[in-house]
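Fold and geometry: a report
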Amino acid sequence: MRNAERPGPPEGAQQVDIDHVYTRFADRGLQYGPAFRGLRAVWSQGEEVYADAALDSASGSDGYLLHPALFDAALQSALVPDLDEEESTYLPFALRGVRLHKAGARAVRVHSVPGEGGFALALTGEDGEPVATVGSVVRRPVTADQLDAATQRAQLLRVVWKAVEPPQTPVDGQRWAFLGTDHLGLTGALKTVRPGFDVYPTLPALDVAFGSGTPSPDVIVVSCTDEDSPVHSAAQRALMLVQEWLGNPRLTDTRLVLVCSGAVATRPGENPSDLAGAAVWGLLRSAQSEHPGRFVLVDVDDPAERGHELVAAVDSGEPEIAVRDDGMFRPRLVRCPPPARRASLSGTVVITGGTGALGRLFARHLVSRHDVRHLVLLSRRGPDAPGAAELAEELTGRGARVDLVACDVTDRTSLEGALAGLPAPSAVIHTAGVVSDAAVDTLTPGRLNRVLRPKTDSALLLHELVRDPDCEFVLFSSVAGLIGNSGQANYASANVVLDSLAQHRRSLGLRAVSLAWGLWESDGGMGSDLSAAELGRIKRAGFTPIGHDQGLNLFDAALATDEALLAPVRLNESGLAGDVAPVLADLAPARTGTHTAADALRSRLAALPESERDAAALEFVRTAAAAVVGYDGPEDVDPDREFGALGLDSIGNLELSRNLANATGLQLPVTLAFDHPTPADLASHLRRLLQENA
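Here is a short report on the structure shown in this document. (Residues numbered from 1 in each chain as written. Predicted model: local features only at pLDDT ≥ 70, side-chain atom pairs only at ≥ 80, totals over all residues. Heavy atoms only, no water.)

1. Considering the sheet that holds strand E3 (residues 48–54)
For clarity, the threshold we go by: Pairing between two strands is assigned when DSSP locates at least 2 bridges connecting them. Secondary structure counts use DSSP, requiring at least four H or I residues in a row for a helix and at least two E residues in a row for a strand, with both numbered from the N terminus. Where helices are involved, their axes are fitted lines through C-alpha atoms of the stretch in contact, as for all axes, and angles between N-to-C directions lie from 0 to 180°. Any two residues whose heavy atoms approach within 4.5 Å at even a single point are treated as in contact.
One open sheet accounts for seven strands, arranged E1-E2-E3-E5-E6-E7-E4; its pairing is antiparallel. Lying at the two open borders of the sheet, with one neighbouring strand each, are strand E1 (14–16) and strand E4 (89–100). Taken over all neighbouring pairs, the strand axes of this sheet differ in orientation by 25° on average, direction set aside. In this sheet, strand E2 (residues 39–45) lies alongside E1 in antiparallel orientation, the contact comprising three bridges. When the sheet's bridge partners are listed, glutamine 14 is paired in E2 with serine 44. Helix H2 (residues 68–79) rests against E2, E3, E4, strand E5 (107–115), strand E6 (118–124) and strand E7 (130–142) of the sheet, and its axis sits at about 135° to E6.

Here is the structure:
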């Protein structure tokens, strides 16, 4: 006889948000893939925990008395009370009094009761019958560093350009056009593939054509640069074009294809000689993140002869793609094998930004671990920088000679003067840089230059002045350039120049590596002023701040490789399980199930009575807004308060619009939160759209 259904949690138990649980697990270093995310609901009452857990639909239970993923979910639930504490993370260490009462369960209700040194567990089946009990689970604390060492979450990634199969059939009926000056000989090549190919010298000329009844083209091609374009000029022109493009409502459904030649290297030894094109490439990566589907980046080795291949590249649907004589390729980040040797620096080492947070960290590291005995620390204020004298005294006490040099590394005369009279450096480490974040449509030329100067101008000068083939030339770049961080078009632009410069130096027979760092844990560096919302955005992109010891170990590993471009990062797999930048696609866990988020939302609303659907839509919007703004949960989001007052900035607005579009399957404008300024307004609008598109 079937027993009565198992009882629910007791009255007064507080429900815990599952997404919050797995986010906090990830913050603590506990990464759970889809098969091990078995918690379906969690309630807490004091230190007692009640939870529902079930196997993923793809997990078979044959051969198991109690499936390990289901039992692991039960253990996860008991760790929930400690997740919001700032102390150590606890993990199950020893189990006593384990009894299995019923085999083959796929779903259980879990009750966890604290005890001395751990907790006791009771697992009940859907029929109310006991499934398993554990008399005592003993816990032990672990640190995030220990977890990282075990899981290799902090690691080196490298960029691999992987082959893309051309479309089986071309996309017919598209109208193509060319805009601006043809630096690369593209128009002749394209006219043989796209008859009726129109050429417009400027966007105003295109507007005139619109006014005379010409329909909007499906694709408009622009030649990014010629090889003589200065980096700043190319980036400024690209920014102006992007902003004019986004501001023209007639071009909403037209893709802008920016074509470069030599902006990126797809294989070792290839020479990315177009560093101005690299600046455009980085800027457009961020524009793509903020405005998906509007822009395409193509790098072509022989533009005048690649008309058919360029059309195939655009038809492939890839946001960025390289066309070479042996095919088409897209960039992907993959794990770099650990080096077989250990690197060591000696002699004279020059560090730009030497008195900044990272400069100080690496100065100490070079003296203590690499036994470097002569450091030249360049910074704008030199010996007058706060704490510089104390740093020099500390390093001198360890046996090093330290020169604190006031130098504007963006000025040739100043940099030449700083390097004059020094022994030939055995290594140059370029850490200098600033951030000045803004959405691409509000980014000003001044903010673009403010970021480009210390990153790119100084790197290009160092490249000209340091030509010893035996000198290690280490550029501190950022993974923001590889993934195109929203709100960081200027920073991405500067960092992609550094990445291409390292590859360019290698092609000339010089040493170089660009390290595209993830965000560092900071005591005064560029990440120290980040808000909770901004840190949350970084984690949702797939990354967690790198600890100092982790970063120093990754630096040593990077020097021991023979790669021109590496990304030392600390991965956050909970972020990788969502919508990730295309370059991260190969690192993301395989997705299970066939239903999309939009399917799940529509099904959920359809299953509710009509009288409850408005409340469910509002809860959905409040939950999405809380995640973007950095609130603990939807209950903190006032439904009648404007998003701006809730803390949603322009970059957060882009993320919220994109997340809601992905979750609903609707085409939503990037101005969504401005057009419907409160959660209640936005929820009503989405409900109407979902009904109209049902």
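Past the structure itself, the notes keep going.
2. A closer look at the packing of aromatic side chains
Stated precisely, the cut-off is as follows: Here is the rule: rings of Phe, Tyr and Trp (six-membered ring for Trp) pair when centre to centre is within 6.5 Å. Planes less than 30 degrees apart are stacked, more than 60 are edge-to-face, and the remainder are tilted. Type-normalised accessible area, obtained with a 1.4 Å probe on protein chains alone, sets the label of each residue: buried when under 20%, exposed when over 50%, and partly exposed for intermediate values.
Under the criterion given, the structure shown has seven aromatic pairs. Ring geometry for phenylalanine 362 against phenylalanine 555: centres 4.8 Å apart, planes inclined by 65°, an arrangement best described as edge-to-face. Remark: phenylalanine 555 occurs in helix H16 (residues 548–559) and phenylalanine 362 occurs in helix H9 (residues 357–368); sequence separation between them is 193 residues. Note on phenylalanine 476 and phenylalanine 555: the rings are 6.4 Å apart at their centroids and 65° apart in plane angle, and the pair reads as edge-to-face. Of the two residues, phenylalanine 476 is situated in strand E20 (residues 472–478) and phenylalanine 555 in helix H16; the sequence distance between them amounts to 79 residues. Of the two residues examined, phenylalanine 476 and phenylalanine 555, each falls in the buried class. Through a chain of ring-to-ring contacts, the aromatic side chains of Phe362, Phe476, Trp517, Trp520 and Phe555 assemble into a single cluster.

3. Overview of the pairing of strand E8 (residues 154–164)
In this sheet, strand E22 (residues 565–570) lies alongside E8 in antiparallel orientation, the contact comprising five bridges. Paired with arginine 158 across the two strands is leucine 566, which belongs to E22. Direction of pairing for E8 relative to strand E15 (residues 327–335): antiparallel, over a ladder of eight bridges. In the strand pairing of E15, tryptophan 161 is matched with proline 331.

4. Focus: the environment of leucine 190
Among the secondary structure elements, leucine 190 is positioned in helix H4 (residues 186–191). Taking the relative accessible area as the measure of exposure, leucine 190 reaches 0% and is therefore buried. Along the chain, leucine 190 and glycine 307 lie 117 residues apart, while their C-alpha atoms are 4.7 Å from each other. The contact partners of leucine 190, leaving out residues within four places of it in the chain, are Trp176, Phe197, Val221, Gly307, Leu310 and Val311.

5. Observations regarding the nonpolar core
Here is the rule: The definition of a nonpolar core used throughout is a set of buried Ala, Val, Leu, Ile, Met, Phe, Trp, Tyr and Cys residues joined through side-chain atoms within 4.5 Å.
One finds Leu258, Leu284 and Phe295 to be the most contacted residues of the largest nonpolar core, which totals 72 residues. Excluding residues that lie within four positions of it along the chain, phenylalanine 295 makes contacts with Val242, Trp245, Leu246, Leu256, Leu258, Leu284, Ala287, Gln288 and Pro319. In terms of nonpolar packing, the next biggest core, distinct from the first, is built from 39 residues, Leu345, Leu377, Val402 and Ile429 among them.

6. Observations concerning the pairing of strand E16 (residues 348–352)
Taken residue by residue, a regular strand's side chains alternate between the two faces of the sheet. Quick note on the threshold: We call a crossover right-handed when, viewed with both strands directed away from the observer, the connection leading from the first strand over the helix to the second proceeds clockwise.
Most of E16 sits inside the fold, with five of its five residues counted as buried. By the alternation rule, side chains of E16 split into Thr348, Val350 and Thr352 and Val349 and Ile351, which are all buried. Bridge count for E16 against strand E17 (residues 374–379) is five bridges, and the pairing is parallel. Opposite isoleucine 351, over in E17, you have leucine 377 as the bridge partner. Crossover E16 to E17 through H9 is right-handed. Relative to strand E19 (residues 427–430), E16 is paired through four bridges, and the arrangement is parallel. Its bridge partner being in E19, valine 349 is matched across the sheet by alanine 427.

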